[in-house]
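Summary of the model geometry
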Amino acid sequence: MTENFEESDISVAILHDRFPGIGGGEKFAIEAARVLDAPIYTMYVYPDTDIPDDVEVIPMRQDKYTGFLSRRILGWKNEGSNPLETLSVAMDMTDAHPDLLDYDVILSSAPLSKNYVPTTDQRIVHYPHSPPRWLYDLFRDRMSSFDYPGVRFVLKAYAKWWRALDKEANDYVDTFVANSELIRDRIRRFYDEDAEVVYPPITGDWRNEGDEGYFITWSRLAPEKRIDMIVEAFTELDERLIVAGDGEQREKLEEMAQGHDNIEIRGYVEDIESLVAKATAVIYAPKQEDFGMVGAEAMMAGKPLLGVDEGFTKYQVNDGDTGTTFNPNVESIRKTVHEFEPLEYDSETIQSVAEKYQYDQFESSLNSIIKGDVDECS
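Computed from a predicted structure; not experimentally measured.

Within the chain, the secondary structure is distributed over 15 helices and 13 strands. Taken along its principal axes, the extent of the C-alpha atoms in the chain is 60 × 55 × 40 Å. For the chain, buried positions account for 52% of its 378 residues. The contacts in the chain between residues at least 6 apart in sequence include a share of 64% that link residues at least 24 apart. Put simply, the chain shows about 17,700 Å² of open surface, and 45% of that area lies on carbon and sulfur atoms. Averaging the positions of the 38 positive and the 74 negative side-chain charges in the chain gives two centres separated by 8 Å.

Put into structure tokens, the structure is as follows:
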């Protein structure tokens, strides 16, 4: 086991973009803070965000972003699609907080924190979760959604300028770390940089307690998660489906499920582990998922994963061993569920494959990278 940072003379701080809530990026920052015994510096914490008591989170520009008037201009909107807020956070990251100068290593979490300008002897380890997708692999998709040529031209110019800023900030990074092999490949393609892979930590009491005859899917109910595709597929299947989670598509999903007794929209479920423990299998169809906590959690529970054949989800599925893949359309989902034979899968085999997602693997890998980065440069 790598030397624990509580016993090390290496000082570490985590720099995270902002805390608009507790999503995947924020969970990573929190767990990294626990492993490294480090404080988290962030631009702001959105009101009513529940920060764990055992983690120190230091907002650097709280009033600027959450004040009564400024929140209407710089507030977190539509899951980060406020360009003024994004630009402002990136610019504020350059000087961030004077106390950051006292740390040997800065673990910058999420894309905008990369803009922090370090001192000469500071080391920067960057865990971006992904290069900004609207600038790179999803650029054409995003531009095609704007019908007016004049607007599209302005947005292309803005994206070109922002892409230059994004790549310029790579000069401050000593070590890139990816959350999956897929993100490692994106970092190589778009940044021409190598990256080590450290999977996000999977927490929770994931277990297998048998099969009570239902399929389950859960996530934030947003369009890119394509829960509506799964629900539509089950409207013409006899199998039961439980959907857990909340978000902008919940009302739409509830309307789709009306008249179909085999489909249940549960909303947010606090003890999702117990619901998964008794499921037949997990079904998951996100659009080009960067990592996919749901897939990893399903495998930790020893449940077969029926996953879409794209993004990192397709890397998580070993056909015939841990689950099976389907194409991103309704008919393929129906065919996959109809042909699925749960008795062909062994829970212990699935859990053995999922050992790479265990918390102690995350802890050991992160410690090694942070300490190793300092040792190489000392």
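Still to come is the rest of the account.
Now for the pattern of salt bridges. Under the defined criterion, the tally for this structure stands at 27 salt bridges. Of the charged contacts, one joins Glu-264 and Arg-266 as a salt bridge, the two residues approaching to 2.3 Å between their closest N and O atoms. One continuous salt-bridge network, built from bridges that share partners, spans Arg-133, Asp-137, Arg-186 and Asp-290.

This part takes up the sheet that holds strand 9 (residues 240–244). The strand order 10-9-8-11-12-13 describes an open sheet built from 6 strands, whose pairing is parallel. Only two strands of the sheet have a single partner each, and these edge strands are strand 10 (263–267) and strand 13 (323–326). The mean angle between the axes of side-by-side strands here comes to 20°, regardless of whether they run parallel or antiparallel. Across 5 bridges, the pairing between strand 8 (residues 214–218) and strand 9 is parallel. Bridging across to strand 9, Ile-216 finds its partner in Ile-242. Contacting strand 8, strand 9, strand 10 and strand 11 (281–284), helix 8 (residues 227–234) crosses the sheet at an angle of about 160° to strand 9. Helix 11 (residues 293–300) contacts strand 8, strand 11 and strand 12 (305–308) of the sheet and is inclined by roughly 170° relative to strand 11.

The rules behind these values
- Residues numbered from 1 in each chain as written.
- Predicted model: local features only at pLDDT ≥ 70, side-chain atom pairs only at ≥ 80, totals over all residues.
- Heavy atoms only, no water.
- Helix = DSSP H or I, 4+ residues; strand = E, 2+ residues; numbered from the N terminus.
- Buried < 20%, exposed > 50% of the residue type's maximum accessible area, 1.4 Å probe, protein only.
- Contact = heavy atoms within 4.5 Å.
- Areas by Shrake-Rupley, 256 points an atom, 1.4 Å probe, with all protein chains shown as cover.
- Lys, Arg positive; Asp, Glu negative; His and termini not counted.
- Charge placed at Lys NZ, Arg CZ, Asp CG, Glu CD.
- Salt bridge = Lys/Arg side-chain N within 4 Å of Asp/Glu carboxyl O.
- Pairing = 2+ DSSP bridges.
- Axes fitted to C-alpha atoms, helices over the stretch in contact; angles between N-to-C directions.

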